[in-house]
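So the chains spell out like this:
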Amino acid sequence: MMFTGKRIIWLGIIVALLQSGALYAMVEQRASILRGGKDIILLSEPIDPRDFLRGDYVTLSYDISSISADKISGSRPEVSGLIDVYVTLVKGSDDRWSFASASWEARSDLKPEEVQIRGRMMNYGYLAPDSTYRVNYGIERYYVPEGQGIAIEEQQRERKIDVVVAVSDEGEAQIRALRSDGSVLYEEPLY
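Keep in mind the model is a prediction, meaning the values are calculated, not measured. (Residues numbered from 1 in each chain as written. Predicted model: local features only at pLDDT ≥ 70, side-chain atom pairs only at ≥ 80, totals over all residues. Heavy atoms only, no water.)

Undergrad: When you look at the overall build of the protein in this model, what are you seeing that I'm missing?
TA: Helix and strand content of the protein: 2 helices and 13 strands. In terms of overall dimensions, the protein is more spread out than a globule: its C-alpha atoms have a radius of gyration of 20 Å, far above the 16 Å expected for 191 residues. Across its three principal directions, the C-alpha atoms of the protein cover 65 × 45 × 35 Å. Here the protein holds 191 residues, and 36% of them are scored as buried. Counting contacts in the protein only where the partners sit at least 6 residues apart, residues at least 24 apart contribute 66% of the total. Element-wise, carbon and sulfur atoms account for 55% of the exposed surface of the protein, whose accessible area totals about 11,700 Å². Taken as two groups, the 22 positive and 29 negative side-chain charges of the protein have centres that lie 5 Å from each other. (Helix = DSSP H or I, 4+ residues; strand = E, 2+ residues; numbered from the N terminus. Rg over C-alpha atoms; globule rule 2.2 N^0.38 Å. Buried < 20%, exposed > 50% of the residue type's maximum accessible area, 1.4 Å probe, protein only. Contact = heavy atoms within 4.5 Å. Areas by Shrake-Rupley, 256 points an atom, 1.4 Å probe, with all protein chains shown as cover. Lys, Arg positive; Asp, Glu negative; His and termini not counted. Charge placed at Lys NZ, Arg CZ, Asp CG, Glu CD.)

Following this line, the structure appears as structure tokens:
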């Protein structure tokens, strides 16, 4: 089958449209969480990794990043590899959200004052029942303007950095902003 000039042009246009659509879908998924997700505030915990190849960023950890196995209800999935864990959070008197419960399956009976965030963790079959799991929520890294990362990490060591997180109804999370002592340091644009 021979390709004529018009067919090559049409094929190129179709490929470009498909690639553009895929990129738009990725950006729109993130933006829809920022637009319509419920905002929660988590206190970040100090952590000090370095990666000079990826630009300035702050690595974030939270008290919900480590969960004791006995606090997760249900039976742990039998599959190896990445598995989901659903963590229910409640708002405290200081406006920060904290751990209320966790489950291996999404809850459908959330109270209005609760938010459920989906995390992922590696499932190792050999973990003991009293183990502590390391859970990632996709909000563990935040890129900042060049030269600002070290200053933020210093404040983080003093436990002064709050992270405003938008959480969708499905439990997907995106960082909306970083705050220090109530003042917004950085706010994530929708696009």
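Here the narrative resumes.
Undergrad: For this particular structure, what's the right way to read unusual backbone geometry?
TA: If a residue is not glycine, its phi is most likely negative; likewise, a peptide bond is most likely trans. With a phi angle near 75 degrees, Asp95 is a residue other than glycine that sits in the positive phi range. Judged by its relative accessible area of 41%, Asp95 is partly exposed.

Undergrad: I would appreciate a short explanation of helix H1 (residues 5–36) in the present structure.
TA: Side chains of residues three or four places apart in an α-helix project in the same direction, reflecting 3.6 residues per turn. With 32 residues, H1 extends 45 Å from end C-alpha to end C-alpha; this agrees with the ideal 46 Å at 1.5 Å per step. Burial in H1 covers these residues: Glu28, Ala31, Ile33 and Leu34. Where H1 is buried, its residues contact strand S11 (161–167) and strand S12 (173–180). (Expected span 1.5 Å × (residues − 1).)

Undergrad: What is the right way to look at the environment of Ile14 in this model?
TA: One can find Ile14 in helix H1. What makes Ile14 partly exposed here is its relative accessible area of 45%. Along the chain, Ile14 and Lys38 lie 24 residues apart, while their C-alpha atoms are 37 Å from each other.

Undergrad: Would you explain the side chain of Ser131 in this entry?
TA: You can see Ser131 is positioned in the loop between strand S8 (114–123) and strand S9 (132–134). When its relative accessible area of 13% is taken as the criterion, Ser131 is described as buried. In contact with Ser131, not counting residues within four places along its chain, are Ile67, Ser68 and Ala69.

Undergrad: Is there a simple way to explain the pattern of salt bridges in this structure?
TA: Between side chains of opposite charge, pairing is possible as soon as their charged atoms come close. Within this structure, the stated rule accounts for 10 salt bridges. Among the salt bridges present, the one from Arg107 reaches Asp109, with a minimum N-O distance of 2.9 Å. Residue class for Asp109 comes out exposed when judged on its relative accessible area of 52%. Sharing partners across several salt bridges, the network here consists of Asp84, Arg118, Arg120 and Glu172. (Salt bridge = Lys/Arg side-chain N within 4 Å of Asp/Glu carboxyl O.)

Undergrad: What exactly am I supposed to notice about the nonpolar core here?
TA: Burial of nonpolar side chains together is a common tendency in soluble globular proteins. Counting residues in each nonpolar core, the largest one holds 34 residues, and the members touching the most others are Leu42, Ile117, Ile139 and Leu178. Not counting chain neighbours up to four residues away, the residues in contact with Leu178 comprise Leu60, Tyr142, Val144, Ile152, Ile161, Asp162, Val163, Ser183, Val184, Leu185 and Tyr186. (Core = buried A, V, L, I, M, F, W, Y, C linked by side-chain atoms within 4.5 Å.)

Undergrad: Explain the sheet that holds S8 to me, please; I cannot follow it from the model alone.
TA: Strand pairs in the sheet, formed through backbone hydrogen bonds, run parallel or antiparallel to each other. Taken in spatial order, the 4 strands of this open sheet run S5-S7-S6-S8, and their pairing is mixed. Edge positions in the sheet fall to strand S5 (72–73) and S8, since each of these pairs with one other strand and no more. Note: strand S6 (residues 81–91) against strand S7 (residues 97–103), 6 bridges, orientation antiparallel. The partner of Lys91 across the bridge, within S7, is Trp97. (Pairing = 2+ DSSP bridges.)

Undergrad: I would appreciate a short explanation of the packing of aromatic side chains in the present structure.
TA: How two aromatic rings sit relative to each other is set out by the distance from centre to centre and by the angle between their planes. This structure, assessed with the given rule, holds 1 aromatic pair. Ring geometry for Trp104 against Tyr133: centres 5.9 Å apart, planes inclined by 70 degrees, an arrangement best described as edge-to-face. Residue Trp104 is found in the loop between S7 and S8, and its partner Tyr133 is found in strand S9; the two are separated by 29 residues along the sequence. Like Trp104, the residue Tyr133 is buried in the burial classification. (Phe/Tyr/Trp six-rings, centres within 6.5 Å; stacked < 30°, edge-to-face > 60°.)

Undergrad: Teacher, can you tell me more about a nonpolar patch on the surface here?
TA: Residues Ile9, Trp10, Ile13 and Leu17 make up a contiguous nonpolar surface patch of about 450 Å² in total accessible area. By the element assignment, Leu17 lies in helix H1. Take Leu17: its relative accessible area is 58%, and that puts it in the exposed class. (Patch = residues over 30% accessible without salt bridge, like charges linked within 9 Å, V, L, I, M, F, W, Y side chains within 5 Å.)

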